[in-house]
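Fold and geometry: a report
What follows is each chain in one-letter form.
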Amino acid sequence: MPTPIVPITIQAPGKKGLNSQESNTALDLAWATTLDNAVFDSVGRIASRKGITNLTTSGGPGANNLSQAFCWEGFNSNVPVTGVLTAGNLKLYTGTTSLSDITGTITAPTANNWQFMNFRSNKVIGVQQGHTPIVATIAAGALGNFANITAASGSLPTGNCGLAAFGRVWILDSDNTTVKYSALLDETHWSTGAGSIDTTLYWPKGRDYVVALAAWEDKLVIFGRHSIIIYSSPGVIASLALSNILEGVGCVARDSVRSIGTDVLFLSESGIRSLRQSIVTQKSPMQELSLPVRDSFLVEFSPGSASTIRSAFNQIDGIYIISNVGTSTTVTYAFDIKNYIQQQILNPTDTSSIRISRWSGWPVHAMAYGRNGVLYVTYRNGSNEAVGYYAGYYDGGTTSYTLNYSTPWVDLANPEGGESGTFLKIPKSANITTVGSSSYQVSIKLAFDFDSDSYVSTQSIVNAGTASEYGIAEYGISEYNAQNRIPSTKKFPLARFGQHMKLTVQIPISGKEISVQKIDMFFKKGRATT
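Remember, predicted model here, so these are calculated numbers, not experimental data.

Points about the overall build of the protein chain
A count of helices and strands for the protein chain gives three helices and 42 strands. Its C-alpha radius of gyration of 26 Å places the protein chain within 12% of the 24 Å reference for a compact globule of 530 residues. Taken along its principal axes, the extent of the C-alpha atoms in the protein chain is 95 × 55 × 35 Å. The buried share among the 530 residues of the protein chain stands at 55%. When the accessible surface of the protein chain is split by element, carbon and sulfur atoms take 49% of a total near 21000 Å². Across the protein chain, the mean location of the 39 positive side-chain charges is 4 Å away from that of the 37 negative side-chain charges.

A closer look at the packing of aromatic side chains
Inspection of the entire model under this criterion finds 15 aromatic pairs. Between the aromatic rings of F297 and Y333, the centroid separation amounts to 5.1 Å while the plane-to-plane angle is 80 degrees, which identifies the pairing as edge-to-face. With F297 in helix α2 (residues 294-300) and Y333 in strand β31 (residues 331-336), the pair connects residues that are 36 residues apart, well separated along the chain. The pair F297 / Y333 is uniform in exposure class, with both members buried. The structure contains a cluster of three or more aromatic residues connected by ring pairs, namely F297, F301, Y320, Y333 and F335. Just above the ring of Y401 sits the side chain of R49; from NZ or CZ to the centre is 3.9 Å.

Examining the sheet that holds strand β10 (residues 79-88)
A sheet is described by the order of its strands in space; here five strands give the open sequence β8-β12-β11-β10-β9, paired in mixed fashion. Edge positions in the sheet fall to β8 (58-59) and β9 (66-76), since each of these pairs with one other strand and no more. Here 10 bridges tie β9 to β10, and the two strands are oriented antiparallel to one another. Its bridge partner lying in β10, E73 is registered against T82.

Topic: the pairing of β31
The buried fraction of β31 is high, at six of six residues. Residue alternation in β31 divides its side chains into two sets, V331, Y333 and F335 and T332, A334 and D336, and both sets are buried. Judged from the six bridges that link them, strand β30 (residues 319-324) and β31 form a sheet pairing that is antiparallel. For I319, the partnering residue across the bridge sits in β31 and is D336.

Side note on the sheet that holds strand β27 (residues 264-268)
Within the open sheet, the three strands sit side by side as β26-β27-β28. Their pairing is antiparallel. Looking at the sheet topology across the chains shown, the edges are occupied by β26 (258-259) and β28 (271-274).

Description of the nonpolar core
Membership of the largest hydrophobic core comes to 55 residues, with the highest contact counts inside it found for F297, I322, Y333 and F335. F335 has contacts with I272, L289, S290, F297, G318, I319, Y320, I322, I354, R355 and I356, leaving out every residue within four places of it along the chain.

What about the confidence of the model for the protein chain?
Taken over all residues, the pLDDT of the protein chain has a mean of 89, while the share at 70 or more is 90%. The low-confidence segment residues 466-482 (pLDDT under 50) makes 42 contacts with residues lying over four places distant or belonging to another chain.

So, the pattern of salt bridges
Inspection of every chain in the model, using the stated rule, returns 20 salt bridges. Residue R45 is joined to D41 by a salt bridge in which the shortest nitrogen-to-oxygen separation is 2.7 Å. Residue class for D41 comes out buried when judged on its relative accessible area of 7%. Residue D317 is joined to K50 by a salt bridge in which the shortest nitrogen-to-oxygen separation is 3.1 Å. With D317 in the loop between β29 (309-314) and β30 and K50 in the loop between β6 (46-48) and β7 (52-54), this pair connects stretches of sequence that are 267 residues apart. Each member of the pair, D317 together with K50, is buried. A single network of salt bridges, built from pairs that share partners, joins R273, E288, R294 and D295.

Quick look at the side chain of D208
Tracing the sequence through the fold places D208 in the loop between β21 (195-198) and β22 (210-216). For the buried residue D208, which engages in no salt bridge, the nearest side chain bearing the opposite charge is R225, 6.8 Å off. Within the structure, the side chain of D208 is placed 2.8 Å from the backbone nitrogen of H226, a separation counted as a polar contact. Filtering out sequence-adjacent residues up to four positions away, D208 remains in contact with T177, W203, G224, R225, H226 and S227.

What counts as what
- Residues numbered from 1 in each chain as written.
- Predicted model: local features only at pLDDT ≥ 70, side-chain atom pairs only at ≥ 80, totals over all residues.
- Heavy atoms only, no water.
- Helix = DSSP H or I, 4+ residues; strand = E, 2+ residues; numbered from the N terminus.
- Rg over C-alpha atoms; globule rule 2.2 N^0.38 Å.
- Buried < 20%, exposed > 50% of the residue type's maximum accessible area, 1.4 Å probe, protein only.
- Areas by Shrake-Rupley, 256 points an atom, 1.4 Å probe, with all protein chains shown as cover.
- Lys, Arg positive; Asp, Glu negative; His and termini not counted.
- Charge placed at Lys NZ, Arg CZ, Asp CG, Glu CD.
- Phe/Tyr/Trp six-rings, centres within 6.5 Å; stacked < 30°, edge-to-face > 60°.
- Lys NZ or Arg CZ within 6 Å of the ring centre and 35° of its normal.
- Pairing = 2+ DSSP bridges.
- Core = buried A, V, L, I, M, F, W, Y, C linked by side-chain atoms within 4.5 Å.
- Contact = heavy atoms within 4.5 Å.
- pLDDT = per-residue confidence, 0-100.
- Salt bridge = Lys/Arg side-chain N within 4 Å of Asp/Glu carboxyl O.
- Polar contact = N/O pair within 3.5 Å; in protein donor to acceptor, adjacent residues only side chain to side chain.

What follows is the structure, encoded as structure tokens:
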């Protein structure tokens, strides 16, 4: 009697996201043990991330990196305007298509590690360790040249982080422990109507230092390296009061701090954390949002790389993106938090809905998200540094990248019930169902019994639809339209055998998006292994 074929189906492969922490254990098949250059589409399938579409045609720092990017917000005849400010080669630039030098009359900077903030509706302020704070004015929808702020009273703070919120400017001083705040609606007064907070009075365990500042709901948040101090009533300075102190969790990188609406995410010593969750669980063990990738993530985002960490919250796509731009190849992780944002009010300690992917080779040096719904990035376009935006399916217009997904190790212990999995599995074929709008050269690899040696099968998949695109108002692209994407199923022959098997799907992305809908694998049972 012929040995029956045993089917195994994985619906929405990798829908739980990347889990490298337990990649050599028997994970739920909904996890991915490799997930490169992926996002999650509107129905939860893994899909190719978008690339970088170039904007810059002239100006800029040439072959020098634009190390910081910021979206300034202003008005032109009462119409909201979003502009892009970048820093590189010890200069400041504004613009996207043409980068104009607006360094102005500031004291010559010694580094490019600026932090910028919108103040009121017509100014942009910049701070950097050891530098006099700087300011530029927005007029008629254009950002002017920068100049040093001149103190009308008191002395200007010169620390590494700042915040414009509650009608004031809050800046860390050079001692890294004193947070100064300006007079109401006036960045020039630092004595009259102004004041300061001495954080050394409140650190729970000896000396700490300030890394970042944030506004959360109606509170001022001071992130220390090992602790967090929260103040209530910053909008009424006479009522400013200590509200909470979180011990044992702090922030290691200023530019990792991002507001995601009702929460703030940040990089701690143990990974990405939620401020709201940290407050709720401060009396019990906390769980970082990056737990499924904890060890590999911390290797690539060590505290020593704090000055080269950049982040952004892409609100339209619901993704918190964090990159380490200080390595030879930029390392990026994307946290899909769409479901988390919806659920956190009801259950702020539940992080199970967060899905993680790793973006290999996304060649950015800085990023900034604007109120116009555009995620801007800086990157090297040929031999010159440029500004681009997150769109299209090439990196920089011509460079392809690969969507890479791996299943967990599959034992197929008892797919029909009964005996355990101590039999060799002989894979016969796999059907890969994708949804896309072009032709794709898809490769699948099989590895057996925790060995990296693989069997490879490559087939062309044709999704004969019309290309769908992502829309961002300024650039005339229409909203993502799933109706233009066509499903297609392709059969791949398989070979070799083993008790445990891992399947990898690799799809080069060259101009068109694709999602992975389903994987059907078919096996025969071989001899017993014991």
